[in-house]
Each structure stands twice: as C-alpha cells, then as structure tokens.
Amino acid sequence: MKAYVMIKIRTGEVKDVVENLRKIKGVKEAHMTFGPYDAVAEVETADVATLGKVTALEIQPIPGVEQT
C-alpha cells in the first residue's frame with residue numbers, strides 16, 4: 001500500500017522534520033512543500049494497519065510535527 005502523508009510543521013523546523021522523516025522505515029520519499037501543508041511523505045507499507053502505526057508512532061512524535 002502506498003500513501004502520501006501531508007504534514008503541518010512548526011515554523012523553522014521543516015528541514016529537521018524532513019530529515020527525520022527520511023530515516024523512518026517505510027518512508028520512500030519526504031519533501032518540503034508550499035501551501036497549506038509544509039511537507040509530504042510517501043509511505044509504503046504492507047497494509048492500512050501498518051500505515052496507521054507508522055503515522056501515529058513514528059511520524060507524529062517527531063519534534064515539530066503539528067498535524068498529519
């Protein structure tokens with residue numbers, strides 16, 4: 001399963017968050033964006049349950065992440 005996770009990040013922390021996103025297993029790509037979201041992560045997992053775990057347990061706890 002492939003998903004794109006849209007992420008809002010605290011001002012001034014985008015670079016650090018994107019670098020941390022790229023270290024997560026299952027995150028194939030992570031990029032800064034412009035507009036209502038600050039970054040997007042392309043995530044590939046075996047199923048929806050694993051996608052939820054990656055989002056909740058690995059992406060959301062990154063310092064600076066405000067919303068996914």
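Computed from a predicted model, the values in this text were never measured in an experiment. (Residues numbered from 1 in each chain as written. Predicted model: local features only at pLDDT ≥ 70, side-chain atom pairs only at ≥ 80, totals over all residues. Heavy atoms only, no water.)

**Student:** Give a description of the pairing of strand 2 (residues 27-32) that names residues and reports values.
**Tutor:** For strand 2 and strand 3 (residues 39-44), the ladder comprises five bridges, and the chain directions are antiparallel. Pairing of E29 across the sheet is with E42, part of strand 3. Between strand 2 and strand 3, which pair antiparallel and follow one another directly, the connecting turn spans six residues, one of which, G35, has a positive phi of 125°. (Pairing = 2+ DSSP bridges. Helix = DSSP H or I, 4+ residues; strand = E, 2+ residues; numbered from the N terminus.)

**Student:** Before we move on, could you go through the environment of K2 and cite the residues and values that matter?
**Tutor:** Mapped onto the secondary structure, K2 falls in strand 1 (residues 2-9). Other than its neighbours up to four places away in sequence, K2 contacts E42, V43 and E44. There is a polar contact of 3.3 Å between the side chain of K2 and the side chain of E42. (Contact = heavy atoms within 4.5 Å. Polar contact = N/O pair within 3.5 Å; in protein donor to acceptor, adjacent residues only side chain to side chain.)

**Student:** Account for the nonpolar core, with residues named and values stated.
**Tutor:** Among the nonpolar cores identified, the biggest contains 19 residues, and I7, L21, I24, V43 and I59 are the most heavily contacted of them. Listing elements by their share of this core, those giving two or more residues are strand 1, helix 1 (14-21), strand 2, strand 3 and helix 2 (48-59). In this structure, I59 is in contact with V5, I7, L21, I24, V43, V54, V65 and T68, ignoring residues within four places of it in sequence. (Core = buried A, V, L, I, M, F, W, Y, C linked by side-chain atoms within 4.5 Å. Buried < 20%, exposed > 50% of the residue type's maximum accessible area, 1.4 Å probe, protein only.)

**Student:** Hey, could you go over the pairing of strand 3 for me, with residue numbers and the actual values?
**Tutor:** Most of strand 3 sits out of view: five of its six residues are buried. In this structure, strand 1 lies alongside strand 3, joined through six bridges in antiparallel fashion. By the bridge assignment, I7 is partnered in strand 3 with A39.

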